[in-house]
Structure formats: C-alpha cells, structure tokens
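These are the residues of each chain, in order.
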Amino acid sequence: MALTTPPIAAKKPHSITHHGITVTDDYAWLRDRGYPEVDDPAVLAHLNAENAWFETRMADQQGRIDTLFKEMRARIKEADKSVPQKDGDYLYWIEFEEGAEYKKWWRRPVAGGPDELILDEVALAEGKEYFRLGAISVSMNGKLLAWSVDDNGSERFTARIKNLETGEILPDEIPETLSSLVWVAGDRGIVYSRANEQWRTDNARLHWLGQPNESDVELYHEDDDGFRVGSSLSANEQWLIISTSDHETSEVRLVPAADPLAHPVLVRARETGVEYDVDLHEDTLFIHANDTHENFRLATADLSHPGEWTTLIEGSDDFYLTGFDLFRDFYVTEGRVRGLDRIEVRYYDDPARIEPIEFAETTYSAGVGDNPEWAVTALRLSYESMVSPASVLEYDVVTRQLTTLKVQEIPSGYDPSLYTTERLEIAARDGTMIPVSIVYRKDRAAGGPLHLYGYGAYGIAIDPGFSTTRLSLVDRGFAYAIAHIRGGDDLGRAWYKAGKLERRTNTFHDFVDVARGLIARGYTQAGRISISGGSAGGELMGAVINSDPDLWGAVVAHVPFVDVLHTMLDPELPLTPGEWPEWGNPIEDKAAFELIRSYSPYDQVRAQAYPPLLVTAGLNDPRVTYWEPAKWVARLREVKTDGNELLLKTNMGAGHGGKSGRFESLKETAEEFAFILWQLGVGE
C-alpha cells in the first residue's frame, strides 16, 4: 500500500545545559544508546519509514532515474586499465572488466614473463552489500602483499597478507585498522595504526609476520585525544616516518625502517599552530612547515640536528606551498598561485634552478601522480579541467617535454568544443573577492538553471576538475559552478583560516553571495539554483537554507554535518576532540558555544518555507553519525511552513561515502540529479 503522508518522528523531551544556557533536543532519542550497534526497534522503524517515504515519492521519477543512470554509465569505459607504472622489478596496473563494480590489481616482470593477478577486488566483494579496499602495499622484495578491507562502511578495516609467489593467504589477520600498511625490517614486519573504541588512531603498532597480534609492539602512543597517528616510508625507503597531528598542530618522529624498534628521533616537539611534514634525502631532512609563514616554507636540517631548520624556499603571500616530493637527483614542489595549481622541478645542487611545468589552459587541476621509484628521469602527472577529461601525463625532466599517456575515454562521446569554462570573481558582502569556476554549453540559454556546489572546511580545496556525471545537468541547460569559498584553502592558508572558528560564518555568506552574484550577472535566477554539498558541505547546505531559503530551487545534502553543537559537546564521539581546533570547544568556551549554536543548522531550523530538500545518511557512518540528518529532517518536518518535498534516504548497509562500487554509486547520483530536475521542472 502506497504511503500518503511522511513519517512524523515522536518528540521526547530532552535538554542539555551548558554555560547557563539550556538547549532542547526532542529528537535526541534517534541516537541509539548502543551505538555503534544500531538495533533500537523504534530508531530502525523510523529510519525504515523515512526510506519508504523516499521510495514512494521518487517512484514516479524512476524512468528519469533510469535514463540518467544509463547515460552516466555510457560515459564510463567499462573495460578499462591504468597506465602501467614501474616499481622495482615489476610493472603494476589496475583493470576494470566489463560490467565489474570493482577492479583487479595486476603486475608483470619488467624482464619479461606472464601477467600476475595480485588482488581481485571482484572476488573479495562477492556477496557483500558494501566493499571498500583500504590500504594496499607490496613488500620491498615484491614477494608479499598486504591489504585491508571494510565490508560495512564503518571504516574499520581488516588487514590480510598474501604470498605472491605461492598465492597463499597467510594466517596473519589484523582487525580494526584505520591506516596505511608499511613494510619494515626487511619485509618481516608491518607498521599500522589501530582504531580505538572512539574510532581514533592513537597509536603506531608493529606486527611481526607469523606472530600473534597480542605480541604486536606499540611503537608510539598518542595521549592527546585530538591527535591522530599515521605512518609512512621516506621516499628513499630508509626511514619510517611516524606522524601525529590534529587540524592545526603536528609532530614527527623518524625510525630506521630496517630497525623499527630503535629509539625514534623526534624532529621537533609540537607547538600549537605549527604544522610540518618531513622527508629525507641522504642525511638531510626536508621540512614543509608553516612556522614562519602561514602559506608554508620548505626548510632543511641535518639528521643529526633535526630541529634546527634552515629555510630553502621562503613562505610567500602569492605562492601557497602545498607539498613536495623528493627523488634521487631532483625534487618537486606543488602549490597554488591565486588558486591555480603550480608544479616546479628543483635541484639539490642549484637552489636557483627552478623549472615550472607549463600547462595550456587558463584554469585546470594538475598534480604529481604515482611515482614510486627513487631514481627517475620522468614524472607521472595528472591533469584535467572542467572541459578536459582526466589525463595521465609524463614529464621528461631532462628535455622538459610533456607527453600524454592516457586521456579518459568517454564511450558515448564527448565534444569539448561544445562547452566553455570560466573563472569568475564575485564580491562577498565584506568586499572579499570569491573565485568561482563555472562550465556550461556554449548554446545554453541565458538565465537558465544553475547548479552551485560548495564545501568550505578543513582547508580542503575543490579543484576545477572534470566530471562525466556533471554532463547530465550541463547537457540539459544547466551551468555548473563551484564556489571556492573561505574555509577551504583554495587561495592559501589565510583563506582557510578566514572560514573557521570565530569566522566560520564567512563560509556561508560567501556561498550565498556567490549565488546572488551569479544572478546579478545573468547566469541564472533566484529559485532556479540547485545546490549540493556533503559532510561539512552538508552543514553549508543547512546553513544557507536557514538564512536564504528563497534562493534555492532544489537542495541535496549528503551525510550532512548539521548537528554541530551537540556533536562538539560530546567528547565520546569519534571525531569530536580532533574537531575542536576547526569549530571551537563549546564545552570549555561559552563564546564558542554561542557561536556554534548561532549557525548550527539543526539548532537554527525555524518556522518558514524551505526549498525542496533531499538528505542522505549512512547507518554505519562514523564521521557524520546517522542521527544528525535524521534529527534534522524530523525537526524540519515539524516546523517548516511549506509543502515542498523533504526526503531522507539512509543507506542501511553503508557509511560516509554512500554505496560502494562504480555503478552502484552512479545510481545514487542519478537519484540526486532526478530530484533536482524534478524540482526545477527541467524535462528530459
């Protein structure tokens, strides 16, 4: 029997008081007290009822969903493989077979010999509703493979090891990992980090092959609940690098990879607000740090005095140094100038010799790709733009020539000459100029529908890259725009700082002001704008529909972080202590409490008309717990004054990233776009 009314969540009085301020939360019961196990019948009944309502309301859109999915799938080359890359004695690549959701990992000897299937994700995922490969790592001698798998979306991975010579799966099994898998001690051991009960990696541990997990050695333990620990190898593979950090402070230790039980070398003790990362060339440390300039400098230090840093590349207001890669004979820096990617080859023996890699387009996304070997003369690079499909390039360091190795193939056809892309700057209300990347068909009617995407948190930049799914909107007359709002680091570290803590609302204002600027320039009209964002970008969606509901014609909020206040008040939740440098600590700081409450989307829901809204959640999501979107939708249903669509879809067997598999995930994108087209009245 078809449902005729949406589910209405029960209200159960609940409140909290901090700093003399009482906040009511009548939907707090939607958090299962046994979480991360969710088996409360009332909670499950409500989520299932919301899913049934989603299915009911979207039923008439199934034809449109099928059409969108078919065209999205037709743009994917189903039988596809990566460009092989040499690492030691082998060439490695991945392949997708026709119709396969997951990939296979292959290699063959450089000296000649048959192809070897080293990991089959298709077989590993068989019979599973969800599958995600975490880490994958071949031992230095090429004889062993370590990998980890999450099969429910909880991001707790189980690591296994395979003998590549015999095909035997070794009895070693390491549960609850959340990290890379690093081979050390002549391939006799693996360094990993284990997630504790709060889903925090507060450790670096050493597992000896063939030994029980109980004998694993804790190489480092982090006592600060806000910090996370990770491990990697130096580029020359001689050092184990153990790093610990939160969102604004870091600390690094070095251990000989051949002797992981040796006493670690502390590079420099943590100092609040100072972030740094390290690699080594011979006995020289290279340190990427923000201690003298917020846009980072590159410094060096002698291994014998690792805390004494000498500047190699000064920090700059104009150039944001995002990272570096060391090779035997040269090194590479990456960064951005006014938001545009810049890659430079530099030399150890001549600091003045700087060779930037030039690209043809005026707006693009480019980066250093997979370059596993130490002694190379050519670099793999990635490149794309909003009109140029993703490419794999090779840059010859000696001749300074770029060669295209592969361009993303779109089987159903794609003509880049039909499209144009622009880089705009639109003034925010405080006068700051906000970059906007936009793409549309050259034959698009002025003032038509426009989709605006934003994120704006954690210093994560949104690159102006290519998307095959996006074409399903653009080919229907949409312009597609990315607002490079403050909170990301698109224009440098100051851009990030201007959208966090006490300046968090700049992020929301920027997004709204970009929309108004696009209207003023004739790109679209109020009410003809669809918007989307996920996680912290979902928080953005919640904030802007509270503040400016009339601007938006359709809104999609994926796993939205909308209950900011209650989450930041709960230090037992997995991410909370590590998030305080980003949002503030409302437990200890009344000003932070009041500020977060003033913009937290759940707390600011009010009696007004809201635009049509599609919300997604993941039952096993450890990042944005399922009850945040569930509570938000419940409160919206209670108080909003309009009759617009409000739909909640909870993936009952997935986590933060939604469904796994390259085609299953496309189905969710097809649902999202069908909802947008439906609500904006755009036909097939």
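A brief look at the structure comes next. These numbers come from a predicted model, not from an experiment.

## Brief notes about the overall build of the protein
Stage number 1. In terms of regular secondary structure, the protein is built from 12 helices and 39 strands.
Stage number 2. In terms of C-alpha radius of gyration, the protein reaches 25 Å, essentially the compact-globule figure of 26 Å for 684 residues.
Stage number 3. For the protein, buried positions account for 56% of its 684 residues.
Stage number 4. Long-range contacts, defined as pairs at least 24 residues apart, comprise 55% of the intrachain contacts of the protein with a sequence gap of at least 6.
Stage number 5. For the protein, the computed accessible surface area is about 27,400 Å², with 48% contributed by carbon and sulfur atoms.

## Quick notes on the nonpolar core
Stage number 1. In terms of nonpolar packing, the biggest core is built from 86 residues, with L452, F511, L518, W552 and W632 touching the most fellow members.
Stage number 2. In terms of nonpolar packing, the next biggest core, distinct from the first, is built from 23 residues, L68, L647, A670 and L677 among them.

## Quick word on the sheet that holds strand β31 (residues 401-407)
Stage number 1. Taken together, four strands build an open sheet; the order of strands is β28-β29-β30-β31 and the sheet is antiparallel. The outermost strands of the open sheet, each flanked by one partner alone, are β28 (365-368) and β31. Recorded for the sheet is a direction-independent mean angle of 30 degrees between the axes of neighbouring strands.
Stage number 2. Sheet topology places strand β29 (residues 378-384) next to strand β30 (residues 391-396); six bridges connect them, and they run antiparallel. Residue A378 lies in a different strand from β30, and its bridge partner there is D396.

## Some words on the pattern of salt bridges
Stage number 1. Scanning the entire structure with this criterion turns up 48 salt bridges.
Stage number 2. Residues K86 and E373 are paired through a salt bridge, measuring 2.8 Å at the closest nitrogen-oxygen approach. Here the residue K86 occupies a position in strand β4 (residues 85-87), and E373 occupies one in the loop between β28 and β29, the gap between them amounting to 287 residues.
Stage number 3. In this structure, R516 engages D548 in a salt bridge whose closest nitrogen and oxygen atoms are separated by 2.7 Å. Within this pair, whereas R516 is found in helix α6 (residues 505-520), its partner D548 is found in the loop between α7 (536-547) and β37 (552-558), the two being separated by 32 residues in sequence.
Stage number 4. Take R516: its relative accessible area is 43%, and that puts it in the partly exposed class.
Stage number 5. Overlapping salt bridges, with partners in common, bring together E222, E251, R253 and R270 in one network.

## Description of the packing of helix α1 (residues 41-58) against helix α12 (residues 664-680)
Stage number 1. Interaxial distance between α1 and α12 falls to 12 Å at its minimum, and their mutual angle equals 55 degrees. By the angle between their axes, α1 is oblique relative to α12. Crossing of α1 against α12: the hand is left-handed. Contacts from F54, R57 and M58 of α1 reach α12 at E671, A674, F675 and W678.
Stage number 2. Each residue belonging to the contact of α1 with α12 can be placed in one class, and the counts come to five nonpolar, no polar and two charged.

## A closer look at the pairing of strand β14 (residues 203-208)
Stage number 1. The element β14 is largely enclosed, with a buried count of six among its six residues.
Stage number 2. Residues N203, R205 and H207 point to one face of β14 and A204, L206 and W208 to the other, with burial holding for every one of them.
Stage number 3. Alignment of strand β13 (residues 189-192) against β14, held across four bridges, turns out to be antiparallel. If you follow G189 over to β14, its bridge partner there is W208.
Stage number 4. Bridge analysis of β14 against strand β15 (residues 217-221) gives four bridges, and the strand direction is antiparallel. Across the sheet, the residue bridging to R205 is E218, located in β15.

## Thoughts on the packing of α6 against α7
Stage number 1. At a minimum axis separation of 10 Å, α6 and α7 run at an interaxial angle of 65 degrees. Considering their axes alone, α6 and α7 lie roughly perpendicular with respect to each other. Classified by chirality, the crossing of α7 by α6 is right-handed. Taken together, the residues of α7 that come into contact with α6 (itself represented by T507, F508, F511 and V512) are E539, L540, M541, A543, V544 and S547.

## A few points about the side chain of E334
Stage number 1. By the element assignment, E334 lies in strand β25 (residues 331-337).
Stage number 2. Leaving out residues up to four positions away in the same chain, E334 has contacts with F319, Y320, L321, T322, G323, D325, R342, I343, A366, G367 and V368.

## Quick notes on the packing of aromatic side chains
Stage number 1. A full pass over the atoms with the stated rule returns 22 aromatic pairs.
Stage number 2. Between F359 and Y383, the ring centres sit 5.2 Å apart and the planes meet at 25 degrees, which makes this aromatic pair stacked. Linking F359 in the loop between β27 (350-356) and β28 with Y383 in strand β29, this pair joins segments that are 24 residues apart in sequence.
Stage number 3. The class of Y383 is buried, set by a relative accessible area of 11%.
Stage number 4. A network of ring pairs unites the aromatic residues Y35, Y626 and W627 as a single cluster.

## Side note on α12
Stage number 1. When the terminal C-alpha atoms of α12 are compared, their 25 Å separation across 17 residues agrees well with the 24 Å that a helix rising 1.5 Å per residue should span.
Stage number 2. Taken across its 17 residues, α12 has 12 buried, putting it largely inside the fold.
Stage number 3. Residues of α12 that are buried: L666, E668, T669, A670, E671, E672, F673, A674, F675, I676, L677 and L680.
Stage number 4. Among the residues trailing α12, G681 stands out with phi positive, at a value near 70 degrees.

## Some details on the layout of surface pockets
Stage number 1. Put simply, the second largest pocket is a space of about 910 Å³.
Stage number 2. R228, H247, L575, E579 and R623 are the residues nearest the centre of the second largest pocket, which is lined by 38 residues in total.
Stage number 3. Counting residues per element, the ones that place at least two in the lining of the second largest pocket are β16 (228-233), α5 (493-497), α8 (564-568) and α9 (576-583).

## Things to note about the sheet that holds strand β17 (residues 239-245)
Stage number 1. Pairing is antiparallel in the open sheet, where four strands are placed in the order β16-β17-β18-β19. The outermost strands of the open sheet, each flanked by one partner alone, are β16 and β19 (265-266).
Stage number 2. As paired elements, β17 and strand β18 (residues 250-256) share seven bridges and run antiparallel to each other. The residue of β18 that forms the bridge with W239 is P256.

## Points about empty space enclosed by the protein
Stage number 1. Counted under the stated rule, the structure contains two cavities of 30 Å³ or more.
Stage number 2. If you add up the space inside the largest cavity, you get close to 50 Å³.
Stage number 3. R336, G339, D341, Y364, R423, A461, I462, D463, P464, H484 and D490 are the residues that line the largest cavity.
Stage number 4. A breakdown of the residues in the lining of the largest cavity according to their chemical character gives four nonpolar, two polar and five charged.
Stage number 5. Taken as a whole, the second largest cavity spans an internal volume of roughly 40 Å³.
Stage number 6. Partitioning the lining of the second largest cavity into residue classes produces seven nonpolar, one polar and one charged.

The rules we used
Residues numbered from 1 in each chain as written. Predicted model: local features only at pLDDT ≥ 70, side-chain atom pairs only at ≥ 80, totals over all residues. Heavy atoms only, no water. Helix = DSSP H or I, 4+ residues; strand = E, 2+ residues; numbered from the N terminus. Rg over C-alpha atoms; globule rule 2.2 N^0.38 Å. Buried < 20%, exposed > 50% of the residue type's maximum accessible area, 1.4 Å probe, protein only. Contact = heavy atoms within 4.5 Å. Areas by Shrake-Rupley, 256 points an atom, 1.4 Å probe, with all protein chains shown as cover. Core = buried A, V, L, I, M, F, W, Y, C linked by side-chain atoms within 4.5 Å. Pairing = 2+ DSSP bridges. Axes fitted to C-alpha atoms, helices over the stretch in contact; angles between N-to-C directions. Salt bridge = Lys/Arg side-chain N within 4 Å of Asp/Glu carboxyl O. Parallel < 35°, antiparallel > 145°, perpendicular 65-115°, else oblique. Left-handed = near helix turned anticlockwise from the far one by under 90°. Nonpolar A, V, L, I, M, F, W, Y, C, P; charged D, E, K, R; others polar. Phe/Tyr/Trp six-rings, centres within 6.5 Å; stacked < 30°, edge-to-face > 60°. Expected span 1.5 Å × (residues − 1). 1 Å grid on protein atoms, 1.4 Å probe; cavity = no way out; pocket = protein on both sides within 12 Å on 5 of 7 lines; lining within 4 Å. Points joined across faces, edges and corners; volume = space filled by probe spheres on them.

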